[in-house]
Every structure is written in C-alpha cells, then in structure tokens.
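# Survey of secondary and tertiary structure
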Amino acid sequence: MENREDLNSILPYLPLVIRSSSLYWPPRVVEALKAMSEGPSHSQVDSGEVLRQAIFDMRRSLSFSTLEPSASNGYAFLFDELIDEKESKRWFDEIIPALASLLLQFPSLLEVHFQNADNIVSGIKTGLRLLNSQQAGIVFLSQELIGALLACSFFCLFPDDNRGAKHLPVINFDHLFASLYISYSQSQESKIRCIMHYFERFCSCVPIGIVSFERKITAAPDADFWSKSDVSLCAFKVHSFGLIEDQPDNALEVDFANKYLGGGSLSRGCVQEEIRFMINPELIAGMLFLPRMDDNEAIEIVGAERFSCYTGYASSFRFAGEYIDKKAMDPFKRRRTRIVAIDALCTPKMRHFKDICLLREINKALCGFLNCSKAWEHQNIFMDEGDNEIQLVRNGRDSGLLRTETTSHRTPLNDVEMNREKPANNLIRDFYVEGVDNEDHEDDGVATGNWGCGVFGGDPELKATIQWLAASQTRRPFISYYTFGVEALRNLDQVTKWILSHKWTVGDLWNMMLEYSAQRLYKQTSVGFFSWLLPSLATTNKAIQPP
C-alpha cells in the first residue's frame, strides 16, 4: 500500500494514517467512533450540543484546527431547535450510530478500493487520487465508500489547512452549518435536509453502485478551426418548462459550474450547481480530490444517484421529500446519469463579445461535451506478446481519453498516447473533426440551459448558440435546451428551426456569431443576436410589446 502513487497523492487530504501496509484511524478517534456507534447510552451524544463537542474532540485528536464557533453552534441549532424532538431522537438513536459504524469501516473500505482499482478498466488507473489540474484521469468510487467520505464531511474530519495550496474546494460541512447559524434561511435549512435525507436513506439500505469522476482535458482548437468547420448542426429541442435533471433521455446533463467544483454547495450557494449537489449528494465526493478547473478542462461524473425532490430556486429552494432514482445501470454498475461540470466566464459584460472570450467559452463546452467514455469503455481488447500485453484500440476515432493515465504494464498503440507532443492541429483533426460514432447512442445528446447567464451575467442568446455549436462539433445527436422562461430566448425555437432549414454548418453559425459580436463590441448594433440574425424577429417583438 505504501508504494501506491494514487494513495500517496490523496493521503495528505484524508484523516487516516498508514502503518504496515494498512490504513488506520488514530486510537482516540476509534474510541469516540466506537462509543457513538453503540448509541447515546454509551456515547452520551444525544443532542446537538453534545454532538458539537464530540466533533470538537475528534478534530483535536487528529490535531486539526478548532472549528469556528458559528459552525459548532450550527449543529446545536439544527438538532436542538430546528428539527422536531422525534426526528432529533431518531438521528441520535439510529443515524449517528450508523454513520459512526460506517466511519469505523472507512479504512477497510479504502483498502478494498485500492485492491480493486487496477482491475476495473484494463490499462486505465481508476484509484482514488488527487487529479491535479492538467492531469486527465478517472476515479471510480463505490457508493458505499462515497457514503463514508460524506460521513467524514458531516463530522468535519477531513484535514482542511492544506487544501487551499492545491486549489481544492472545501469538503467539510462546517461552513454549511455555520451559514445556517449566522443567517438562517429556509433555503439553507432545506439544503441540509437534503443531505440528512441522503444519510437516512443510506443507513436504511446501503447502495451498491459505482460513481465515476473524470477530469477531461482538451487541446483547445483555434478560431480558424471553428470558422472552417463543415460539421452539420445537430437537432435542437427547446423546452420552455421543465428541469435538466428530469430530462427523459440518456443525455449528458450540464452542471453550470464554478471553477471550483460544487461552487457554494457547502456554504450559502443555492443556484443550479448547488441544488444539483444537494439532490445528488454523491457529487460532493468529487470536491475532495478535484482541484479547480482550468479553461481547457471539464469534469464529468457518471452514476450519481438522486435522493431528493425539491421546489423553488435560490431563496425559494425547499426540500420536498424522497426521490426514487429509477435510472438503469451501465456495465460498470453506474446509473446512466451523466453530469458534466463546465464553468463559464464570470461577469463578462461587454468582454463576452470579444473573440477570445467566445473562443474560451466554446472550447470549454467542447471539452465538456466530448464523449470520452466510448474510448476507455472499449479498451479491454488485448493481444499477448510474450510477457507483455499490448493494448489495442478498437476504433482509432475512439481514442478520446487524450491524456488519461495508463498503468505502466500496458502500452497503448494509438498514436496520440505514443506521442504526447503531437501538434495541436492534428489532435483537433483526430478527435474533433473525425468525431465519435453515435449510431448506437441516439439518445446521447446534451441537456442544458442558460449556462453562465445567472449570477455570472452571460448573454443567453450567445450561450445557447455556443453550446449548440459545441454539441454539434462533438457529434452529439441533439441538444435539449431548457430556457427556464428567460424572455431573451422566447424566439429560440423559431431561430433554431430557421437555421436548420437552411442547412447551416458549425462554421457558418460561428462566423455569423463572430460578425454580430464585433458589431456589438463596437456599438454598431444594440439588438440581441437572434433579432440581428433574423431582423423580422425584432419587428415582430416590437409589435407584440404591451402599450
């Protein structure tokens, strides 16, 4: 175990120690967890006030810094004042002991994880490790192990002093509870209730699936590539109502992400990304080992189970009870829920119309929408040559894991892996122009909406167009676009149908967007992109304006 590169990269961010090839909790933490696992009659943890003291003691045993008083007070506030006595008693009699028992198993769960990590996908590293910036790779975690990781977060047992230097997001729940105490809101309570419901479900029946977390990296194409693209535009489905997470297909679901995965999920945030992390809490596990994203990176998470229903958004967000996730499993025992985190430019204002910003956004979406999974899912094809196994790629066009690590005893034959210095233009040709064969994936489109258009301040018409271009270039069969009733997109269906009827290519639409953006930048026009593209829309819209 001590010689595993993956374990050594993540160990500084775990509360465990390694001795004689085994992982352990420090003895005093074991004592505390054992007492809690036997219920309040042994541990005396029967209230929020006592729970916060137990958390304080365990953190001190781990030589961690003391939590802010507001965080400790948040635990007491929730369990002693906010929730009713019956629910609180259930938590201290059943849930807290079950979570403590789970944490006692945490070292052995991790050991089993690393023992199996090299056997999931032949030639691909899948063990838990720090996936640093510009380090493409994939991590497979069992839902049971994720439950243990989130239990660590609940008890604030992850070391937190060393995370900032690696640009890692927060992972403990102290800020979540501090925010509840400092400035109470129903939306903040509802976020915590989503997580409580997850733990209640987990403790009643431990899930047996797998969740994968992948850092994707692209060699970003230049503007000339986009201008010359002759790829046909994919189908465009407009939904004035509904939610991305309720889409009926097996489409890739877009997380309007912060560059730090999860954004404000574990503090006060409560918009699209944060809500998704609350109703699918297993997403939070990625915040442990995935540092912030660079411009040419995206994070794709497959298999996260949804546990909660909700209503509202932002300040009106409310937990609305149990959700039973009926998504089918893939061959890796992951639910067929694919979520991709892509971060938009923040408050671009007029900068949004600059070529460099448009290029950044379209390449970010391109990275997110590339279907890398079809590459490594079909990499289990080998032929023996003496004592060496040589990996074969079934289809040269499917070598999508451009920079994903391979285990040392396997030698990939595709030319990209053999020559990491291959010119970017050739990479673009190999992976973006050739694309991915979607004949067997007719429902494998992209479900998205107003990415980067809320608090980030992006232009909805441009962002819709950019995502359409990226989805088309990556050979996605369709884009399902949820407008959430944004007025600027009232003509989106009409515009996309008109463009498709004229058989425009990706290059055609990209060039028109560049021309429009230049005019906006130099104040030669003030109308929106769709009205500029189809002047008749501007006339129609004026005609229907109320007096």
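Residues numbered from 1 in each chain as written. Predicted model: local features only at pLDDT ≥ 70, side-chain atom pairs only at ≥ 80, totals over all residues. Heavy atoms only, no water.

### Regarding the UniProt feature "active site" (unreviewed entry) in the chain
Stated formally: UniProt positions are given in the numbering used here, feature names are shortened, and annotations may be inferred rather than shown by experiment. Computed over the protein atoms alone on a 1 Å grid, cavities are sets of points where a 1.4 Å probe fits but cannot get out and pockets are open sets with protein on both sides within 12 Å along at least five of seven lines; a residue lines them when it has an atom within 4 Å of a point. Summary of the burial criterion: residues with accessible area below 20% of their type's maximum are buried, those above 50% are exposed, and those between are partly exposed, where the area comes from a 1.4 Å probe applied to protein chains only. A contact between two residues is defined here by any heavy atoms of the two lying within 4.5 Å.
Here, UniProt's "active site" (unreviewed entry) annotation points to D255, E273 and E274. Of the residues just listed, which span 20 residues, no C-alpha pair is farther apart than 9.3 Å, and they cluster in one region. Taking the annotated residues in turn, D255, E273 and E274 line the largest pocket. In this structure E273 comes out as buried when scored by relative accessible area, which is 2%. When residues no more than four places from it in sequence are discounted, the contact partners of E273 are D255, F256, A257, N258, Y260, L261, G262, G263 and S265.

### Considerations on the UniProt feature "binding site: substrate" (unreviewed entry) in the chain
Selection rule: Secondary structure elements follow DSSP: runs of H or I no shorter than four residues count as helices, runs of E no shorter than two count as strands, and numbering proceeds from the N terminus. For the purposes of these results, a polar contact is taken to be a pair of N or O atoms within 3.5 Å, where, inside protein, one atom must be able to donate a hydrogen and its partner to accept one; residues adjacent in sequence count only when each atom of the pair is a side-chain atom.
The positions UniProt marks with the feature "binding site: substrate" (unreviewed entry) are N258, Q272 and Y313. Of the annotated set named above, N258, Q272 and Y313 line the largest pocket. On the secondary structure map, Q272 appears in helix α11 (residues 272–279). Apart from residues lying up to four places away in sequence, Q272 is in contact with I244, V254, D255, F256 and Y313. At 2.8 Å, the side chain of Q272 and the backbone nitrogen of F256 are in polar contact. Mapped onto the elements, Y313 comes out in the loop between β8 (308–311) and β9 (318–322). Residues contacting Y313, with those up to four places away along its chain left out, are C270, V271, Q272 and I275. There is a polar contact of 3.2 Å between the side chain of Y313 and the backbone nitrogen of Q272.

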